[in-house]
Amino acid sequence: MEGWDPSTKSTLTRIPLLTTKAGPRDGEAWKQRLKEEYKSLIAYTQMNKSNDNDWFRISASNPEGTRWTGKCWYVHNLLKYEFDLQFDIPVTYPATAPELELPEIDGRTQKMYRGGKICLTVHFKPLWAKNCPRFGIAHALCLGLAPWLAAEIPILVDSGMIKHKDDAASSAES
């Protein structure tokens, strides 16, 4: 955590670490891991809400907890930009981090792979590998998606690659 800003350090230290090293193929151990994932996500969400920094909603979209969907948003120039968020838990999880997808902005930035998967290889994947199995979904959102949104969304907005929903509606009416 050397070189990190105090806010990131503070946030990260308050997200509970996970202890169960289990993936979707591990039966009862995976159920225990899912419980830990939910506890970590709930703690992170509550912390964000108490700091007036609420920026995502996700939930498992299948009973096995291997497919997750939701919304994330970023405020730029006092306008809220909201995106669908989805990802699958890899079979090799937690050794492999989930690939977070924002399908609505697929192809609009070089920091994204086919299907809207955001690029996390250079900065996040080594950090994930070093902290396996202690990191979970909440950590991926905190250290992967949040910085990606902060870096990419202002550039995409300022370059006209993304329009605010109100701007898009008014230009459609004209």
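No experiment lies behind these values; they were computed from the predicted model shown.

1. As for the UniProt feature "active site" (unreviewed entry) in the protein chain
Now for step 1: Summarizing the sequence annotation, UniProt attributes the feature "active site" (unreviewed entry) to Cys119 in the numbering used throughout.
Now for step 2: Relative to the assigned elements, Cys119 resides in the loop between strand 5 (117-118) and helix 3 (124-130).
Now for step 3: Not counting residues within four places of it along the chain, the set of residues in contact with Cys119 comprises Lys111, Met112, Tyr113 and Trp148.

2. Digging into the pairing of strand 1 (residues 56-60)
Now for step 1: Across five bridges, the pairing between strand 1 and strand 2 (residues 67-76) is antiparallel. Looking at strand 2, one finds that Ala60 is bridged to Trp68.
Now for step 2: Remark: six residues form the turn of the hairpin made by strand 1 and strand 2, two consecutive strands paired antiparallel; Gly65 in that turn has positive phi of roughly 75°.

3. Re the packing of aromatic side chains
Now for step 1: Throughout the structure, instances matching the rule amount to eight aromatic pairs.
Now for step 2: Plain terms: the ring middles of Trp68 and Phe87 are 6.1 Å apart, the flat faces sit at 5° to each other, and that makes the pair stacked. One end of the pair, Trp68, is in strand 2; the other, Phe87, is in strand 3 (residues 79-88), with 19 residues separating them in the sequence.
Now for step 3: Relative to Trp128, the ring of Tyr93 has its centre 5.9 Å away and its plane inclined at 45°; by these criteria the two rings are tilted. Within this pair, whereas Tyr93 is found in the loop between strand 3 and strand 4 (112-113), its partner Trp128 is found in helix 3, the two being separated by 35 residues in sequence.
Now for step 4: Residue classification places Tyr93 among the buried residues on the basis of a relative accessible area of 3%.
Now for step 5: Ring pairs connect the aromatic residues Trp30, Tyr93, Phe124, Trp128 and Phe135, which therefore count as one cluster.
Now for step 6: For Lys80, the ring lying beneath its charged end belongs to Trp73, and the centroid distance is 4.5 Å.

4. With respect to the nonpolar core
Now for step 1: Leu102, Leu141 and Leu145 are the most contacted members of the largest nonpolar core, which totals 42 residues.
Now for step 2: For this core, the elements supplying multiple residues, two or more each, are helix 2 (28-50), strand 1, strand 2, strand 3, helix 3 and helix 4 (137-158).
Now for step 3: The element contributing the most residues to this core is helix 4, with twelve residues.
Now for step 4: Setting aside its immediate chain neighbours within four residues, Leu141 contacts Leu41, Tyr44, Trp55, Phe56, Ile58, Leu85, Leu100, Ala146 and Pro147.

5. Digging into unusual backbone geometry
Now for step 1: Geometrically, the link from Tyr93 to Pro94 is a cis peptide bond, its omega value of 5° lying close to zero.
Now for step 2: Topologically, Pro94 is positioned in the loop between strand 3 and strand 4.
Now for step 3: Look at the link from Cys132 to Pro133: it is a cis peptide, with omega at 5°.
Now for step 4: Despite not being glycine, Asp52 has its phi angle at roughly 55°, a positive value.
Now for step 5: Among the structural elements, Asp52 can be located in the loop between helix 2 and strand 1.
Now for step 6: The exposure class of Asp52 is exposed, given its relative accessible area of 74%.
Now for step 7: Located in the positive-phi region is Asn77, a residue other than glycine, with phi close to 55°.
Now for step 8: As for its position among the elements, Asn77 is in the loop between strand 2 and strand 3.
Now for step 9: Overall, the relative accessible area of 60% leaves Asn77 in the exposed class.

What counts as what
Residues numbered from 1 in each chain as written. Predicted model: local features only at pLDDT ≥ 70, side-chain atom pairs only at ≥ 80, totals over all residues. Heavy atoms only, no water. UniProt positions renumbered as here; feature names shortened; annotations may be inferred. Helix = DSSP H or I, 4+ residues; strand = E, 2+ residues; numbered from the N terminus. Contact = heavy atoms within 4.5 Å. Pairing = 2+ DSSP bridges. Phe/Tyr/Trp six-rings, centres within 6.5 Å; stacked < 30°, edge-to-face > 60°. Buried < 20%, exposed > 50% of the residue type's maximum accessible area, 1.4 Å probe, protein only. Lys NZ or Arg CZ within 6 Å of the ring centre and 35° of its normal. Core = buried A, V, L, I, M, F, W, Y, C linked by side-chain atoms within 4.5 Å.

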